[in-house]
Amino acid sequence: MTQFVDAPTLKTWLHDGEEIALLDVREHGQYGESHLFFAVPLPFSRLELDTPRLVPRRATRVVVYDGDGHGVATDAAHALAAIGYTNVHVLEGGTAAWSAAGYALFAGVNVPSKTFGELVEHRLHTPRISARQLHDMQARGERLVVLDGRPLSEFRKMNIPGAVCCPNGELAYRLADLVPDSDTPIVINCAGRTRSIIGAQTLINLGIPNPVYALENGTQGWYLADYPLEHGNSRRYPDKPAQVGAASLENMRAAASALAAQHGVRTVDAATVAGWAADSSRSLFLCDVRTPEEFAQGTLPGAQHTPGGQLIQATDQYVGVRGARLVLFDADGVRAPVVASWLRQLGHDAWVLERGVDSGLRVPEPVIPALPSLDAIDAGSLLRQLAAGEAVAVDVRPSMDYRKAHVPGSLWSIRPRLAAVVANECRPLVLIADHPAIARIAALALPDAQRARTRVLDGGLHAWKEAGLPLESSPDVPPDAECIDYLFFVHDRHDGNKDAARQYLAWETNLIAQLDEQELGTYRLP
């Protein structure tokens, strides 16, 4: 039986100090247009795949919601119960009821983290430099280092000329390899504002003697000033720090430790964390804040990869439970304390694991529930069956990927709409997905008889391409209104749309004004 909660009660729950997972189960585009401040995006199309990672404890108090209470929230609650979650509630009336009760709704993504960035600049007066000032300094050939605080995947899309990629979580650890002396000015940038501010303030908080600035409005500000950006670059921090000698590393460890202590971060040993993992009354997240390369070489059992800069910037993509314990670790004693200091200020219960990756800690891995099995069909067989009209291909990849290239004649759909799209179809279905699990989850939406006739394209669209089979594109299909998985508000700012960039920056700088006193009170800034 579905349990409902009204908006005033949910507002109380969000601030009662107990654990809660507030999950927006609509698709990403719908979530990004209007959601609750503390909501974690968990699309129904990925629910069984992502929930165990975001909400590892099955007894956690969970609230799911949609737009008006008549969408996917009830289905999501039933699905969560089916995989073992025992304390699930549905927000009665969804976001419409929340707004009607007088509570604010927010556009965009990673809103708590981005609001935090604005608060940091406002309260700590983080020094900043405009695009014109930076451009003029470069034109005069002045000494300076521009460091881009985003992951390499974002850096490759566009960067300030001459910038070097160094994600914020790596700044303290790798600074000696990237800045030649203690006098050269350092400029930190990102695509917009948050990571520029947090990166610059990180170095300032650590006591770096260099002049440090955040690039105002990042690459968007640079583009709006009509300066050219570079594309496709891979300049980044060295894989193995060369200049971080024993003395330098020890000095940075001491600075990181002092910064962490200043904000109430404590260390914890492996035995204690193992006990926390066995605690059925509290959630635990074990976070490896190192680089992707280091994580791939080996990590602690039960840890998730949470690159330090991104864990600050997009906490809701890694941690789905407010009030949970977060235990961070690295291999150097620098990165985890610095990141934990920010997470504490964000309002999280963050700890640093003693001895890090060498601690020997083992905690249980998140368990992904069993999903319905689907028989596979190879690309050649699918081609023949489509030509003979013996099957229907349904592409359940992201809508923008479908627009770029898909199997000719295939339909596009997504789990919340799949049953309706194929309701009158008697032929076998073949689902096309980037990951087989996404196809299996989508198949859960189908009636049993139809699901029994459903297969999955072996190897997805990649296998179709590798077989040299034809593809087609459809720039306007599905139409924008049906692309519920895509947030145009965020993405258009990087596609040459200056009005979208201006609107995005105005949205970001106005976030603080939208918060109420309880929401503001969750932060722990000095």
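The rules behind these values
- Residues numbered from 1 in each chain as written.
- Predicted model: local features only at pLDDT ≥ 70, side-chain atom pairs only at ≥ 80, totals over all residues.
- Heavy atoms only, no water.
- UniProt positions renumbered as here; feature names shortened; annotations may be inferred.
- Helix = DSSP H or I, 4+ residues; strand = E, 2+ residues; numbered from the N terminus.
- Pairing = 2+ DSSP bridges.
- Contact = heavy atoms within 4.5 Å.
- Axes fitted to C-alpha atoms, helices over the stretch in contact; angles between N-to-C directions.
- Phe/Tyr/Trp six-rings, centres within 6.5 Å; stacked < 30°, edge-to-face > 60°.
- Buried < 20%, exposed > 50% of the residue type's maximum accessible area, 1.4 Å probe, protein only.
- Lys NZ or Arg CZ within 6 Å of the ring centre and 35° of its normal.
- Arc of directions from axis to C-beta.
- Polar contact = N/O pair within 3.5 Å; in protein donor to acceptor, adjacent residues only side chain to side chain.
- Core = buried A, V, L, I, M, F, W, Y, C linked by side-chain atoms within 4.5 Å.
- Domains from an automatic or database assignment.
- Buried area = accessible area lost by both parts, 1.4 Å probe.
- Salt bridge = Lys/Arg side-chain N within 4 Å of Asp/Glu carboxyl O.
- 1 Å grid on protein atoms, 1.4 Å probe; cavity = no way out; pocket = protein on both sides within 12 Å on 5 of 7 lines; lining within 4 Å.
- Points joined across faces, edges and corners; volume = space filled by probe spheres on them.
- Nonpolar A, V, L, I, M, F, W, Y, C, P; charged D, E, K, R; others polar.

**Regarding the UniProt feature "domain: Rhodanese" (unreviewed entry) in the protein**
- This chain's UniProt record puts "domain: Rhodanese" (unreviewed entry) on residues 16–107, 140–231 and 288–473.
- Across residues 16–107, helical content stands at 34% and strand content at 15%; the span's end C-alpha atoms are separated by 25 Å.
- Across residues 140–231, the secondary structure splits into 36% helix and 15% strand, with the terminal C-alpha atoms separated by 23 Å.

**Overview of the sheet that holds strand E11 (residues 266–268)**
- On the basis of which strands lie adjacent, the open sheet formed by 5 strands has the order E11-E15-E14-E12-E13 and parallel pairing. In the strand order of this sheet, the two ends are held by E11 and strand E13 (304–305), each with one partner.
- Pairing analysis gives 4 bridges linking strand E14 (residues 325–329) to strand E15 (residues 349–353), with the strands arranged parallel. Bridge pairing in E15 links valine 327 to tryptophan 351.
- Running over the sheet, helix H16 (residues 335–345) touches E14 and E15 and is turned about 170 degrees from E15.

**Re the packing of aromatic side chains**
- Within the structure shown, the criterion is met by 9 aromatic pairs.
- Each ring, one from phenylalanine 37 and one from phenylalanine 38, has its centre 4.8 Å from the other, and the planes form 80 degrees; the classification is edge-to-face.
- We classify phenylalanine 37 as buried; its relative accessible area is 2%.
- When the centroid spacing of 4.8 Å and the interplanar angle of 75 degrees are considered together, the rings of tyrosine 486 and phenylalanine 488 count as edge-to-face.
- We classify tyrosine 486 as buried; its relative accessible area is 17%.
- A network of ring pairs unites the aromatic residues Phe37, Phe38 and Phe106 as a single cluster.
- The side chain of arginine 322 reaches across the aromatic face of phenylalanine 38, ending 3.9 Å from its centre.
- One Lys or Arg, arginine 415, reaches over the ring of phenylalanine 44 and ends 3.8 Å from the middle of that ring.

**A closer look at helix H17 (residues 379–387)**
- Here H17 has its buried residues at Ala379, Ser381, Leu382 and Gln385. End-on view of H17: buried residues confined to an arc of 160 degrees, all on one side of the axis. Relative to its buried face, H17 has exposed residues pointing more than 90 degrees away, namely Arg384 and Ala387.
- Buried residues in H17 make contact with strand E16 (375–377), strand E19 (429–432), strand E20 (455–457) and helix H22 (460–466).
- Sitting at the amino-terminal end of H17 is aspartate 378, which places a side-chain oxygen 3.0 Å from the backbone nitrogen of glycine 380.
- Downstream of H17 by a residue or two, glycine 389 has a phi angle that is positive, lying close to 70 degrees.

**Some thoughts on the nonpolar core**
- Judged by nonpolar contacts, the single largest core of 76 residues is most densely connected at Leu10, Leu22, Leu23, Val64, Leu80 and Leu328.
- Ignoring anything within four residues of it in the chain, the contact list for leucine 23 reads Val40, Leu42, Val55, Val62, Val63, Val64, Tyr65, Leu80 and Gly320.
- The next biggest cluster of nonpolar side chains, apart from the first, holds 25 residues, and it includes Leu147, Ala172, Ala200 and Val212.

**Describing the domain arrangement of the protein**
- Taken domain by domain, the protein holds domain 1 (3–108), domain 2 (115–233), domain 3 (256–358) and domain 4 (375–481).
- Each partner contributes residues to the interface: domain 2 has 17 residues there, and domain 3 has 19 residues.
- Buried area between domain 2 and domain 3, both sides added, is near 1,400 Å², and the carbon and sulfur share of it is 70%.
- Of all residues in domain 2, Phe116, Gly169 and Tyr173 give up the largest surface area on contact with domain 3, accounting jointly for 35% of the area buried on that side.
- Joining domain 2 to domain 3, the criterion identifies 2 salt bridges.
- One can count 3 residue pairs in polar contact (both at pLDDT 80 or more) joining domain 2 with domain 3.
- Every element with two or more residues in the side of domain 2 that touches domain 3 is listed here: helix H6 (111–124), helix H9 (171–178) and helix H10 (194–205).

**Re the pattern of salt bridges**
- The tally for this structure, following the rule as stated, stands at 34 salt bridges.
- Across the salt bridge formed by arginine 128 and glutamate 121, the nearest N and O atoms sit 3.4 Å from each other.
- With relative accessibility at 46%, the residue arginine 128 sits in the partly exposed group.
- Exposure remark for glutamate 121: the relative accessible area of 15% places this residue in the buried category.
- Put simply, arginine 143 and aspartate 181 hold a salt bridge, and the shortest N to O gap is 3.1 Å.

**Observations regarding empty space enclosed by the protein**
- Under the defined criterion, the tally for this structure stands at 3 cavities of 30 Å³ or more.
- For the lining of the largest cavity, the secondary structure elements donating two or more residues are H10 and helix H24 (498–509).
- Looking at side-chain class alone, the lining of the largest cavity contains 3 nonpolar, 3 polar and 5 charged residues.

**Looking at the environment of methionine 400**
- Relative to the helices and strands, methionine 400 resides in helix H18 (residues 399–404).
- Residues methionine 400 and proline 475, spaced 75 residues apart in sequence, show a C-alpha to C-alpha distance of 8.5 Å.
- In contact with methionine 400, other than residues within four places in its own chain, are Cys483, Tyr486 and Phe488.

**Let's talk about the sheet that holds E19**
- Ordered in space as E16-E20-E19-E17-E18, the 5 strands form an open sheet in which the pairing is parallel. Sheet topology places E16 and strand E18 (411–412) at the edges, where each strand pairs with a single neighbour.
- Judged from the 2 bridges that link them, strand E17 (residues 392–395) and E18 form a sheet pairing that is parallel. Of the residues in E18, the one forming a bridge with valine 394 is leucine 411.
- Across the sheet, H17 lies against E16, E17, E19 and E20, angled at about 80 degrees from E16, the strand it touches most.

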